[in-house]
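Observations on chain architecture
Residues per chain are reported as follows:
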Amino acid sequence: MRAVIHVQHLLGTGHTVRAAALARALTANGVEVTLVLGARPPATLDLGGLARVQLPPVLATDATFKILLGDDGTPYEDLMDERRETFAATVASVKPDILLTETFPFGRRRFAGEVVPILKELPAPRPIVAASVRDVLVQKSPQKEREMAALARAHYDCVLVHADPHFVTLGESFGAAGDVADLIRYTGFVHAPAPAAAPCRKGIMVSAGGGDVGANLVEAAIAAARQLDQHPWHILVSHWVEEATLHRWQASAPDYVRVERNRPDFRTLLSGAALSISQAGYNTVLDVIAAGTRAILVPFAAEGEDEQTKRAAALQRRGLAQVLPESTLSAQGLAALVETALIAPLPQRPAIDLNGAAQSAAILVEAARAR
């Protein structure tokens with residue numbers, strides 16, 4: 001059995017991290033997987049022996065997502081034909097039994113020109129076509145949501161929602177969920193088994209995400225650390241941060257504050273921390289929940305983005321984190337919240353399903369075999 005997974009991240013790298021987890025789970029079920037990557041994978045992501053096809057990579061230049069550029073500054077529109085042809089050639093060569101698009105058609109609408117033509121021309125016997133979406137979607141207008149649902153009804157066999165419906169449902173962030181209710185399959189959250197918690201937690205772990213939008217959090221954390229010198233701080237920043245910026249942060253940090261690029265052992269470091277400070281992306285939040293550590297979330301909220309704000313609010317309601325809105329982020333406010341958080345008891349890990357990768361693979365393999 002063979003599968004092709006199309007994935008595109010634009011700022012944060014969580015989409016590609018999640019797609020890779022699904023690819024590994026399918027591989028464990030004996031499926032030959034080919035990842036079609038629309039951006040370069042993050043440096044900390046181990047793709048192991050996974051087969052992959054790199055489309056001409058593009059990223060968003062800022063949080064508006066309006067300008068998408070290739071490595072050399074070429075606009076996405078000038079790369080779309082080549083990307084579409086490469087994707088089409090991959091599908092024609094692999095002849096997959098399973099074709100999965102990460103996020104699309106429930107986001108990434110700019111990429112319809114490279115995805116929809118392939119979906120329309122799939123030869124018989126047609127593969128199982130699935131969409132893969134996270135727990136919370138960015139809110140769109142009712143018209144756009146109906147258009148997304150219509151694309152799913154026209155071309156997709158199922159919609160894998162990587163969440164536990166006892167914790168959050170798709171309908172809470174996607175108004176047209178009822179239009180595709182019969183396609184939705186909840187898989188549980190996609191998350192690897194957590195490392196064992198350290199017997200003694202100490203220090204403050206700050207993670208600014210895998211994208212290039214965490215600068216304000218890093219600078220506020222360094223300034224807050226100067227007010228709280230009784231604790232060691234460890235700040236991890238994106239590999240997209242320019243070298244000069246990283247050196248400037250390292251030079252401005254006190255000697256009890258370590259600033260470095262993201263590390264593959266982040267989850268192990270987090271399990272030994274007394275407090276986590278981070279944005280509220282899908283993968284980071286799951287890491288925090290699994291680590292069972294105290295948490296302060298500063299959700300990314302530029303340009304009307306509300307996905308992380310909704311996810312952070314859900315954790316705050318359950319007593320799993322404190323939330324500091326990005327619009328009110330300051331060194332003084334962060335330092336005060338850190339002092340409060342450090343004396344709070346450790347949160348109780350919620351009973352949520354974190355086996356989403358394996359269960360996604362089982363759903364897809366069963367559907368493909370039935371076809």
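Use the structure listed above.
Residues numbered from 1 in each chain as written. Predicted model: local features only at pLDDT ≥ 70, side-chain atom pairs only at ≥ 80, totals over all residues. Heavy atoms only, no water.

Another point: the layout of surface pockets. Taken as a whole, the second largest pocket holds about 330 Å³ of empty space. Lys95, Pro96, Pro123, Pro125 and Pro127 are, among the 18 residues lining the second largest pocket, the residues nearest its centre. If you list the elements that add at least two residues to the lining of the second largest pocket, you get α2 (76-94) and α3 (112-120). Here the element with the most residues in the lining of the second largest pocket is α2; it accounts for 3 residues. Along the lines of polarity and charge, the residues of the lining of the second largest pocket split into 13 nonpolar, no polar and 5 charged. (1 Å grid on protein atoms, 1.4 Å probe; cavity = no way out; pocket = protein on both sides within 12 Å on 5 of 7 lines; lining within 4 Å. Points joined across faces, edges and corners; volume = space filled by probe spheres on them. Helix = DSSP H or I, 4+ residues; strand = E, 2+ residues; numbered from the N terminus. Nonpolar A, V, L, I, M, F, W, Y, C, P; charged D, E, K, R; others polar.)

What follows covers the packing of α2 against α3. For the pair α2 and α3, the least separation of the axes is 8 Å and the interaxial angle reads 30°. With respect to α3, the element α2 is oriented roughly parallel. Crossing geometry of α2 relative to α3 is assigned as right-handed. Taken together, the residues of α3 that come into contact with α2 (itself represented by Tyr76, Met80, Arg83, Arg84, Phe87, Ala88 and Val91) are Gly113, Glu114, Val115, Pro117 and Ile118. Split into classes, the residues belonging to the contact of α2 with α3 amount to 8 nonpolar, 1 polar and 3 charged. (Axes fitted to C-alpha atoms, helices over the stretch in contact; angles between N-to-C directions. Parallel < 35°, antiparallel > 145°, perpendicular 65-115°, else oblique. Left-handed = near helix turned anticlockwise from the far one by under 90°. Contact = heavy atoms within 4.5 Å.)

A separate point is the packing of helix α1 (residues 14-28) against helix α11 (residues 356-370). In the contact formed by α1 and α11, the axes pass within 8 Å of each other and the chain directions differ by 60°. With respect to their mutual orientation, α1 and α11 come out oblique. Where α1 crosses over α11, the two elements pack in a sense that is right-handed. Listed contacts from α11 to Ala21, Leu22, Ala25 and Leu26 of α1 are Ala357, Ala358, Ser360, Ala361, Leu364 and Val365. Taken together, the residues that form the contact of α1 with α11 break down as 9 nonpolar, 1 polar and no charged.

Bringing the nonpolar core into the picture now. Ile5, Leu26, Phe106 and Phe174 are the most contacted members of the largest nonpolar core, which totals 85 residues. At 7 residues, the largest contribution of residues to this core is made by α1. Non-local contacts of phenylalanine 106, meaning those with residues more than four positions away in its chain, are made with Ala131, Val133, Leu137, Met148, Ala152, Val159 and Phe174. Formed by 33 residues, the second largest nonpolar core is a distinct cluster that contains Ile204, Ile296, Leu329 and Leu342. (Core = buried A, V, L, I, M, F, W, Y, C linked by side-chain atoms within 4.5 Å. Buried < 20%, exposed > 50% of the residue type's maximum accessible area, 1.4 Å probe, protein only.)

Taken as a whole and judged by the stated rule, the model has 4 aromatic pairs. Centroid distance phenylalanine 189 to tyrosine 282: 5.9 Å. Interplanar angle 45°. Geometry classified as tilted. In this pair, phenylalanine 189 is assigned in the loop between β9 (184-186) and β10 (204-207) and tyrosine 282 in helix α8 (residues 282-291), connecting sequence segments 93 residues apart. Residues phenylalanine 189 and tyrosine 282 agree in their burial class; the two are buried. Each residue in the set Phe167, Phe189 and Tyr282 is aromatic and connected to the rest through ring pairs, giving one cluster. (Phe/Tyr/Trp six-rings, centres within 6.5 Å; stacked < 30°, edge-to-face > 60°.)

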